[in-house]
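Per-entry structural report
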Amino acid sequence: EFLVVASTLLDLKAARLLPAADVEDDEDLALLEARDLLFARLLQYRAYKLAAAYLAELDRAQSRRHGRAVELEERFAALLPEVFLDVSPARFAAMAAASLTPRPMPVVAIDHVHVPRVSVREHMAIVRDRLRRAGALTFRALTSDCTSTLEVVARFLGLLELYRDGVVAFDQAAALSELRVRWIATPGTDGADAEADGAGEAELDEASPDDGRNLDEEYE
Amino acid sequence: MNPADAIAQDTATEVEPEAPARPSTAPLGDPALLTAAVEAILFVVEAPVSAAAIASALKRPEREVAASLANLRGQYDERGAGIELRDVAGGFRFYTRAEVSPQVEVFLQDGQRSRLTQAALETLAVVAYRQPVTRARVSAIRGVNVDGVIRTLLSRGLVVELGSDPDTGGGLLRTTELFLEKMGMTSLAELPSLAPLLPDLDGLDGIDTDEL
Amino acid sequence: MNPADAIAQDTATEVEPEAPARPSTAPLGDPALLTAAVEAILFVVEAPVSAAAIASALKRPEREVAASLANLRGQYDERGAGIELRDVAGGFRFYTRAEVSPQVEVFLQDGQRSRLTQAALETLAVVAYRQPVTRARVSAIRGVNVDGVIRTLLSRGLVVELGSDPDTGGGLLRTTELFLEKMGMTSLAELPSLAPLLPDLDGLDGIDTDEL
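Now for a look at the structure at hand. In this numbering scheme, every chain counts its residues from 1 along its sequence in written order. Each chain is given a letter, starting from A, and each ligand a number, starting from 1, according to the order in which they appear as written. It should be noted that, the model being predicted, local features are given only for residues of pLDDT at least 70 and side-chain atom pairs only at 80 or more, the latter also being counted only at that level, while totals for whole chains, interfaces and linings use all residues. Note: side-chain values were computed over all heavy atoms of the structure, leaving out hydrogens and water.

So, about the overall build of chain A. What chain A contains, in helices and strands, is 11 helices and three strands. Here a helix means four or more residues in a row that DSSP labels H or I, a strand means two or more in a row labelled E, and each is numbered from the N terminus. Written out in order from the N terminus, the α and β elements of chain A read α-α-α-α-α-α-β-α-α-β-β-α-α-α. Burial status follows relative accessibility: with a 1.4 Å probe on protein chains alone, a residue under 20% of its type maximum counts as buried, one over 50% as exposed, and anything between as partly exposed. Looking at chain A as a whole, 42% of its 220 residues are labelled buried. Working rule for contacts: check all heavy atoms of both residues, and any pair within 4.5 Å makes them a contact. Intrachain contacts of chain A at a sequence separation of at least 6 include 65% that bridge at least 24 residues. Throughout, the Shrake-Rupley method with a 1.4 Å probe supplies accessible areas, and for residues the shown protein chains are the sole cover considered. Accessible area of chain A: about 11,900 Å², with a carbon and sulfur share of 56%.

Looking now at the interface of chain A and chain B. Contact with chain A, which involves 32 residues of that partner, is made by 51 residues of chain B. When two components associate, each loses some accessible surface as probed by a 1.4 Å sphere; the sum of these losses over both components is called the buried area. Regarding the contact of chain A and chain B, the summed buried area is about 3,700 Å², with carbon and sulfur atoms giving 66% of it. For salt bridges, the criterion is a side-chain nitrogen of Lys or Arg within 4 Å of an Asp or Glu carboxyl oxygen. In this assembly, chain A and chain B are joined by zero salt bridges. Contacts described as polar in this section are N or O atom pairs within 3.5 Å, which, within protein, must combine one atom able to donate a hydrogen with one able to accept it, while residues neighboring in sequence count only if both atoms come from side chains. Between chain A and chain B we count three residue pairs in polar contact (both at pLDDT 80 or more) in total. If one sorts the elements of the side of chain A that touches chain B by residue count, helix α5 (residues 89-100) of chain A sits on top with 11 residues. Think of it as three bins: nonpolar holds Ala, Val, Leu, Ile, Met, Phe, Trp, Tyr, Cys and Pro, charged holds Asp, Glu, Lys and Arg, and polar takes everything else, Gly as well. Along the lines of polarity and charge, the residues of the side of chain A that touches chain B split into 20 nonpolar, four polar and eight charged.

Enumeration according to the criterion identifies 22 salt bridges over all chains in this entry. Two residues, Glu-122 of chain C and Lys-49 of chain A, come together in a salt bridge whose shortest N-O distance is 4.0 Å. Highlighted residues: Glu-122 of chain C in helix α6 (residues 118-130) and Lys-49 of chain A in helix α3 (residues 26-63), drawn from two different chains. Accessibility expressed as a relative area gives 26% for Lys-49 of chain A, which makes it partly exposed. Asp-77 of chain C serves as the salt-bridge partner of Arg-97 of chain C, at 3.4 Å between the closest nitrogen and oxygen.

All names here are of chain C. Pairing between strands is defined by DSSP: at least two bridges between them are needed. Taken in spatial order, the three strands line up as β3-β5-β4 in an open sheet, and their pairing is antiparallel. Lying at the two open borders of the sheet, with one neighbouring strand each, are β3 (133-134) and β4 (159-164). Here, axes are lines fitted to C-alpha atoms. For helices the fit covers the stretch in contact, and angles between N-to-C directions go from 0 to 180 degrees. Packed on one face of the sheet, α6 meets β3, β4 and β5 (171-175) and runs near 100 degrees to β5. Running at roughly 105 degrees to β4, helix α8 (residues 147-155) makes contact with β4 and β5 of the sheet.

Okay, the pairing of strand β1 (residues 83-88) of chain B next. All names here are of chain B. Relative to strand β2 (residues 91-96), β1 runs antiparallel, the two being bridged by six bridges. Across the sheet, the residue bridging to Val-88 is Gly-91, located in β2. Between the end of β1 and the start of β2, which pair antiparallel, lie two residues, with Ala-89 showing a positive phi angle near 45 degrees.

As a further point, take the nonpolar core. As a rule of thumb, soluble globular proteins bury nonpolar side chains together. Ranked by size, the top nonpolar core spans 63 residues in total, and within it Val-38, Leu-42 and Ile-54 of chain B together with Leu-42 and Ile-54 of chain C carry the most contacts. Those residues in contact with Val-38 of chain B that sit more than four places away from it in its chain are Ile-54, Leu-58, Val-65, Ser-68, Leu-69 and Leu-72 of chain B. The definition of a nonpolar core used throughout is a set of buried Ala, Val, Leu, Ile, Met, Phe, Trp, Tyr and Cys residues joined through side-chain atoms within 4.5 Å. Membership of the second largest hydrophobic core comes to 36 residues, among which are Met-95 and Ala-97 of chain A together with Leu-124 and Ala-128 of chain B.

Turning our eyes to something else, we now look at the side chain of Thr-138 of chain A. Residues and elements named next belong to chain A. Position of Thr-138 among the secondary structure elements: in strand β1 (residues 136-138). What makes Thr-138 buried here is its relative accessible area of 17%. Contact partners of Thr-138, with chain neighbours within four places excluded, come to Glu-178, Leu-179 and Arg-180.

Attention shifts here to the sheet that holds strand β5 (residues 171-175) of chain B. Residue and element names in this part refer to chain B. In spatial order, the strands read β3-β5-β4; together these three strands make up an open sheet with antiparallel pairing. The open sheet has two free edges, formed respectively by β3 (133-134) and β4 (159-164), since each of these has just one partner strand. Examined bridge by bridge, β3 and β5 share two bridges and lie antiparallel to one another. Of the residues in β5, the one forming a bridge with Val-133 is Leu-173. Across the sheet, helix α8 (residues 147-155) touches β4 and β5, and the angle it forms with β4 is around 105 degrees.

Centres within 6.5 Å are what make two rings of Phe, Tyr or Trp a pair, Trp counting through its six-membered ring; a difference in plane orientation under 30 degrees is then read as stacked, over 60 as edge-to-face, and the rest as tilted. This model, assessed by the stated rule, comprises 10 aromatic pairs over all chains. Both rings, one in Phe-94 of chain B and one in Phe-43 of chain C, keep their centres 6.3 Å apart while their planes meet at 80 degrees; by these two values the pair is edge-to-face. Of the two residues, Phe-94 of chain B is situated in strand β2 and Phe-43 of chain C in helix α2 (residues 31-44); the pairing between them involves two chains. As far as the burial class goes, Phe-94 of chain B and Phe-43 of chain C line up, both buried. Here a set of aromatic residues connected by ring pairs shows up, and it is made of Phe-43, Tyr-76 and Phe-94 of chain B together with Phe-43, Tyr-76 and Phe-94 of chain C.

Shown next, in the form of structure tokens:
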């Protein structure tokens, strides 16, 4: 799940979403380094995700070509040198286990036909309302009612939008620990929500021009 | 395009609009592509296959397939290829040409060519852990036809067929001493336990027994 | 015969005068027969085979075998055959052409090839690009425990564990020849560079080492 979040985040050009910081003291510097590290990790996630997509493409292409796997003609069969079992006992066991694990019934993938569309704007509105009411919530709590990864991603992206607008702040004690989100909007900026909404949507739509598709398509 | 073709094409469009799964069977009307399909089929089959069987699978008239077969055979013969298309036991199959069998033999005996394929290893693993086991059972576990692979394992002396299943009458496969030797083991007890790899092995056994 | 050929032949005669033990390889001086032999060998192998391996078995210079391979490939491509000779995993093997896969699959009984999951592909990608790499490192990069996925990749023969990391003692994972064949790649050098995606790969490596 985090991979999806990470790569999508990059698709949105996370750098642009994060506020530009003026480095003024050590604390800022540390923050910046932490941010760079996060960014480097996210880049890495995305790189391997793309590499995996490339491998999947190769695999698909190659699976349409069939090599010949036919037993040797009788006149040759006896000539083969002694067989060499090039396999460790552990791998041998793993192969048996792989065959003996019950296979799920093969299903025709139709996900690409009936795609649940997830709107970032809707989820941003949900997140905003809850935070305004509660003041502070964990990310877990904010996403506890999500029924799919896509919805979690949408809420995360919504949060990033709100963060960029300066109405929320994040607290995280350590990497991978619980993420807390605080509502820090002053009543004045709060009033600009409706407008920020529209602006946010417009920018999200153009956020991934490289892929030639808009944000919501990104989730399909 | 003659009128008949036009009609055929229209019909095809109407009849199979929601069957894009096999779009490539349509252009088999092209003799060159039909010949290519026949050639590819003959390349992968283990047992000789008749023109009628190919024709029925490709949904083309048998005479067209017969023409492709004759064409292929002529091409391979003409250029003195290392492979020839032979008409045996009521079907067609590619074989290596007798003239080059000495070279094939030399190559096969050259040493490094004696590894088992991934499929053969996987099947051997199933036999090793489930022995004694029938071929049908192995096939069901692997989810594929294993006849060819089992023949290879038998001919390589890694498994034997001993006794038969009291219920189905199918021959029972077991691994051999040679298998143990090649694995560097002295007994089957040395095979690593599957339990950590299959947390619910008992349940699985139940399923297997019920299903197969 | 041009003078160069004459010299080449003389040399051959001088170098191998005491090799009558293999009379059958003698006529392979005829390029057509060598090509036929190469074709027959490629027909029976179950994995890609290198020009060098064929050359060594047939006791012919590797460049002659390479010429035969190029010749064969050209012939099959030119006539749009149902089979093609491909250069994968550092060797050559015949495959059915992708265009006729629907027709071929009717005759193949090995059912639907099970596809790698997204998690398996991503893990495989990390191993492919970072090899040799420890499991712990792959886990750190993926941000999840990869034991199960690695076991699957090992059991399918796509990666192997060879040697161990001098610092941590963890086993080192690498991709296999089978991986290259499944991906239709000649060598790992064909993997596209990640550099455009990871502008500062070196810096990132530093971070990984420190942090993970």
